[in-house]
Amino acid sequence: MKSLKSRKLTGLAAAVLFAASFFIIYGATKTYGESYGNFVNNVNNYRQVGSQDAAVTIVIYTDFQCYWCRKFEERDLPYIMDRYVKTGKVLLQFRDFPLTLIHPYAFKAAEYADCAAAQGKYMPVRNLLYKLQSQWSQIGDLYYFLKTNGGGILNLKNVESCVKSGMAGKLIKSDRSSGMDAKVTGTPTLFIYQGLILYKQITGYRPLPVLKKTIEGALR
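Residues numbered from 1 in each chain as written. Predicted model: local features only at pLDDT ≥ 70, side-chain atom pairs only at ≥ 80, totals over all residues. Heavy atoms only, no water.

Let's talk about a positive patch on the surface
Move 1: A contiguous patch of positive charge on the surface is contributed by K200, R206, K213 and R220.
Move 2: Its location among the elements puts R220 in the segment after α10 (208-219). (Patch = residues over 30% accessible without salt bridge, like charges linked within 9 Å, V, L, I, M, F, W, Y side chains within 5 Å. Areas by Shrake-Rupley, 256 points an atom, 1.4 Å probe, with all protein chains shown as cover. Salt bridge = Lys/Arg side-chain N within 4 Å of Asp/Glu carboxyl O. Lys, Arg positive; Asp, Glu negative; His and termini not counted. Charge placed at Lys NZ, Arg CZ, Asp CG, Glu CD. Helix = DSSP H or I, 4+ residues; strand = E, 2+ residues; numbered from the N terminus.)

Concerning the pairing of strand β5 (residues 197-203)
Move 1: Of the pairings in the sheet, the one linking strand β4 (residues 189-194) to β5 comprises 6 bridges and is antiparallel in character. What sits directly across from T189, in β5, is T203. (Pairing = 2+ DSSP bridges.)

Re the packing of aromatic side chains
Move 1: Applying the stated rule across the entire model yields 7 aromatic pairs.
Move 2: On the basis of an interplanar angle of 85 degrees and a centroid distance of 4.9 Å, the ring pair of Y67 and W68 is categorised as edge-to-face.
Move 3: Judged by its relative accessible area of 41%, Y67 is partly exposed.
Move 4: Judged by its relative accessible area of 43%, W68 falls in the partly exposed class.
Move 5: A ring pair is formed by W68 and Y205, whose centres lie 5.4 Å apart and whose planes are at 25 degrees; its orientation type is stacked. Residue W68 is located in helix α3 (residues 67-85), and its partner Y205 is located in the loop between β5 and α10; the two are separated by 137 residues in the primary sequence.
Move 6: Overall, the relative accessible area of 17% leaves Y205 in the buried class.
Move 7: Put simply, the rings of Y61, F97 and F191 pair up and form one aromatic cluster.
Move 8: The ring of Y36 has K170 sitting right over it, with the charged end atom 4.2 Å from the ring centre. (Phe/Tyr/Trp six-rings, centres within 6.5 Å; stacked < 30°, edge-to-face > 60°. Buried < 20%, exposed > 50% of the residue type's maximum accessible area, 1.4 Å probe, protein only. Lys NZ or Arg CZ within 6 Å of the ring centre and 35° of its normal.)

Some thoughts on the nonpolar core
Move 1: F39, I58, F64, L92 and L129 are the most contacted members of the largest nonpolar core, which has 55 residues in total.
Move 2: Ranked by the residues each element gives to this core, the list is headed by helix α4 (residues 106-117), at 8 residues.
Move 3: Residues contacting L92, with those up to four places away along its chain left out, are R47, Q48, V49, I58, I60, L77, I80, M81 and V85.
Move 4: Formed by 5 residues, the second largest nonpolar core is a distinct cluster that contains V59, Y61, F97 and F191. (Core = buried A, V, L, I, M, F, W, Y, C linked by side-chain atoms within 4.5 Å. Contact = heavy atoms within 4.5 Å.)

Considering the environment of A109
Move 1: Inspection of the secondary structure puts A109 in helix α4.
Move 2: Separated by 44 residues in sequence, A109 and Q65 place their C-alpha atoms 8.1 Å apart.

Some points on the sheet that holds strand β2 (residues 56-62)
Move 1: With mixed pairing, 5 strands are arranged side by side in an open sheet as β1-β3-β2-β4-β5. If you trace the sheet from one side to the other, it starts and ends with β1 (48-49) and β5, each paired once.
Move 2: One ladder, built from 6 bridges, connects β2 with β4; its direction is antiparallel. Bridge assignment links I58 to a residue of β4, and that residue is I192.
Move 3: Packed on one face of the sheet, α10 meets β2, β3 (90-96), β4 and β5 and runs near 175 degrees to β5. (Axes fitted to C-alpha atoms, helices over the stretch in contact; angles between N-to-C directions.)

Notes on the packing of α4 against helix α9 (residues 167-181)
The packing of two helices is summarised by the inter-axis angle and the distance between the axes.
Move 1: Two elements in contact, α4 and α9, have axes whose closest approach is 9 Å; the angle formed by their N-to-C orientations is 110 degrees. In terms of their interaxial angle, α4 and α9 are classed as roughly perpendicular. Judged by the sense of rotation from one axis to the other, the crossing of α4 with α9 is right-handed. Listed contacts from α9 to F107, A110, E111, D114 and C115 of α4 are A168, G169, L171, I172, K173 and R176.
Move 2: In terms of residue class, the contact of α4 with α9 is built from 6 nonpolar, 1 polar and 4 charged. (Parallel < 35°, antiparallel > 145°, perpendicular 65-115°, else oblique. Left-handed = near helix turned anticlockwise from the far one by under 90°. Nonpolar A, V, L, I, M, F, W, Y, C, P; charged D, E, K, R; others polar.)

What to know about the confidence of the model for the protein
Move 1: Residues of the protein with pLDDT of at least 70 account for 85%, and the chain-wide mean is 89.
Move 2: Low confidence marks residues 1-31, where pLDDT is under 50. Its contacts with residues over four positions away, or in another chain, come to 12 contacts. (pLDDT = per-residue confidence, 0-100.)

Digging into unusual backbone geometry
Move 1: For the bond running from T187 to P188, omega is -5 degrees, close enough to zero to count as cis.
Move 2: One non-glycine residue with positive phi stands out, namely K183, at about 70 degrees.
Move 3: Relative to the assigned elements, K183 resides in the loop between α9 and β4.
Move 4: For K183, a relative accessible area of 61% gives the class exposed.

In structure tokens:
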């Protein structure tokens, strides 16, 4: 029969184990100081551009290390922004779909971009990651890259805390899961909606005239 002292030690050990498990599960989120639900709402608010009343919504799944995603960002996105988004016709929503088997740093880049979104700086960081893709994609040191090239637009200490919290990683996995459910097989993939009705899915890079014709069709 166990002694009273032994029972107390056993109870203490159980309490310590429970506390450690609680910290592992919840500690990162509490340390970052924001619930996951609030984080997702905040990030998604800044991962969209345009009017909520737009007739057409385009949901874009991309990979920050993807060559063709960079081409879309450089060649097509500026035109879409000027012609359709700024005029209130189209709402853009960005989602993460890192192809980690071929792009080893795409997931980490998405983490930093989404944590930048939590500071309201998603689009500047997104643009920077694509513009200077070759500079960070070889070594994957996103912290150093943003410190060197970010121009002080971010509170990097908070960004790093956000990344370490795991919440951005959880959101990215959720994005990737929703993309797989929607039959995303590569990047970039665009889902073009008329209201809530899917008008067309475009997988892979398409020249601007093709995208323009599709968007114009959705706006009719």
